[in-house]
Amino acid sequence: MIVVFDKPLLLIINVLSNCSYDIAHNNKIQQAMTGGSSSILSEALPTGTVSNMPWRKAGVVHPNNEIYIDIIEEIDAILSSNGAVISSDVSGRIQSQSNLSGVPDLLLTFNDPSLIDDCSFHPCVRYTRFEKDRVVSFVPPDGPFELMRYRVQMKGHHQHSNLAVGNMPIQVIPRISYGKMGNDVGGRIALTVTARSISSLIYSSSRKGPLVIDDVSVVIPFPKFVRTANLNATVGQVVYDEAGKIAKWTIGKLDEKTRPQLNGTMVLEESSSDEISTLGSEEQPPLFVNWKILLASVSGLNVSGLSVTGEHYKPYKGVRNITQSGSFQIRV
């Protein structure tokens, strides 16, 4: 007997067959999450991963076994125009680049783990071991990954009061004014940027030579009544975006001997000439400063040891500290 189904009935059969597959698949996942057998779990994992470590591929091989760790601390701060710290906060993260063959087991120890507060970890970290011994035990993913995040426990000589006037590694002194310029209404701007080695930073013992600050740039937002700006800098390059009313001054490297300066004038919208008395009441947006210092930290947190077990090779290991700006604002 030949049975002929019409199209609506065929559609219903196809939908039901798909549903039965999804139910079976969901049952496997549910059993794995509620304590099912390891075979069920391994079936649910992507192919090519270690069964109990889904972040790690199986059969990883590198011609050169090496691991690099960066301890990066960011300073979020609001400073007044004379360099006084209005508010500040320091957070850190540990970035890793792992090129290790097989399934290595790593143990990372710190010189003073009490400096670490309010931390979060990559799933590869054995959290109970950290809670017990304040060490980071983990089998790393292959390639770049973020091992952990933390907040700096400011205490003793690292208290907030230490981040006072002159204790930031970089200082920006802005002078911006608007008003009558002859028969016209306009504005003037003058910025000076300096590097300060006398700061709250703690430098690595491997650091040699004078202080050098890398990737220095200043973003200058202008009020909406500024039509255009004519800006010149003694060091670096400055670009003004007339549509966004934002200037970016890219300085690059900065040391204590150089004192880059930016000077310029602003042309205001025509309607502003009738509102000269109200210009002072409109808030001038803060400046944003970006910078980075290698081999330096705020907390003084350092790696005291990084051991690799589970494999027979001896990898190359590199560790460095970096301090950089987060949201670093200068009020005008």
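If you're wondering where the values come from, they're calculated on a predicted model, not measured in any experiment.

**Digging into unusual backbone geometry**
Note: most peptide bonds trans; most residues except glycine with negative phi.
For step 1, the next point in the chain: Here aspartate 215, not a glycine, exhibits a phi torsion of approximately 55°, which is positive.
For step 2, the next point in the chain: Within the secondary structure layout, aspartate 215 lies in strand β12 (residues 212–221).
For step 3, the next point in the chain: Among the residues examined, aspartate 215 registers a relative accessible area of 49% and is labelled partly exposed.
For step 4, the next point in the chain: Even without glycine at this site, leucine 295 takes up a positive phi of about 60°.
For step 5, the next point in the chain: For leucine 295, the position within the fold is in the loop between β17 (287–294) and β18 (296–297).

**Let's talk about the sheet that holds strand β20 (residues 316–330)**
Backbone hydrogen bonds are what pair the strands of a sheet, in a parallel or an antiparallel way.
For step 1, the next point in the chain: Taken together, nine strands build an open sheet; the order of strands is β6-β8-β4-β3-β20-β17-β12-β15-β14 and the sheet is mixed. Either end of the sheet is taken by a strand with one partner, and the two such strands are β6 (116–121) and β14 (237–241). Here the strands of the sheet are splayed against their neighbours by 20° on average, with no regard to which way each runs.
For step 2, the next point in the chain: Judged from the four bridges that link them, β6 and strand β8 (residues 143–152) form a sheet pairing that is antiparallel.

**Considering the environment of glutamate 269**
For step 1, the next point in the chain: Along the polypeptide, glutamate 269 turns up in the loop between β16 (261–268) and β17.
For step 2, the next point in the chain: The sequence separation of glutamate 269 and valine 226 amounts to 43 residues, and the corresponding C-alpha distance is 6.0 Å.
For step 3, the next point in the chain: Residues within four places of glutamate 269 in sequence aside, it is in contact with Lys224, Phe225, Val226, Arg227 and Lys245.

**Re the nonpolar core**
For step 1, the next point in the chain: Grouped together as the largest cluster of nonpolar side chains are 66 residues, with contacts concentrated most on Phe222 and Phe328.
For step 2, the next point in the chain: Top contributing element to this core by residue count: strand β3 (residues 66–79), with six residues.
For step 3, the next point in the chain: Setting aside residues no more than four positions away along its own chain, phenylalanine 328 makes contact with Ile75, Ala77, Leu79, Met168, Ile170, Leu287, Phe288, Val289 and Trp291.

**Quick notes on the environment of aspartate 255**
For step 1, the next point in the chain: Along the polypeptide, aspartate 255 turns up in strand β15 (residues 246–255).
For step 2, the next point in the chain: The sequence separation of aspartate 255 and proline 210 amounts to 45 residues, and the corresponding C-alpha distance is 7.4 Å.
For step 3, the next point in the chain: Contacts of aspartate 255, omitting those with residues within four sequence positions, involve Ala195 and Leu211.
For step 4, the next point in the chain: Separated by 3.0 Å, the side chain of aspartate 255 and the backbone nitrogen of lysine 257 make a polar contact.
For step 5, the next point in the chain: A polar atom in the side chain of aspartate 255 sits 3.0 Å from the backbone nitrogen of threonine 258.

**Considerations on the confidence of the model for the chain**
For step 1, the next point in the chain: Per-residue confidence for the chain gives a mean pLDDT of 82; residues scoring 70 or more make up 76%.
For step 2, the next point in the chain: Low pLDDT, under 50, characterises residues 1–26; the stretch is placed with two contacts to residues that sit more than four places away or in other chains.
For step 3, the next point in the chain: Under a pLDDT of 50 for its full length, residues 28–45 has, in the predicted model, eleven contacts with residues more than four places off or in other chains.

Conventions adopted
Residues numbered from 1 in each chain as written. Predicted model: local features only at pLDDT ≥ 70, side-chain atom pairs only at ≥ 80, totals over all residues. Heavy atoms only, no water. Helix = DSSP H or I, 4+ residues; strand = E, 2+ residues; numbered from the N terminus. Buried < 20%, exposed > 50% of the residue type's maximum accessible area, 1.4 Å probe, protein only. Pairing = 2+ DSSP bridges. Axes fitted to C-alpha atoms, helices over the stretch in contact; angles between N-to-C directions. Contact = heavy atoms within 4.5 Å. Core = buried A, V, L, I, M, F, W, Y, C linked by side-chain atoms within 4.5 Å. Polar contact = N/O pair within 3.5 Å; in protein donor to acceptor, adjacent residues only side chain to side chain. pLDDT = per-residue confidence, 0-100.

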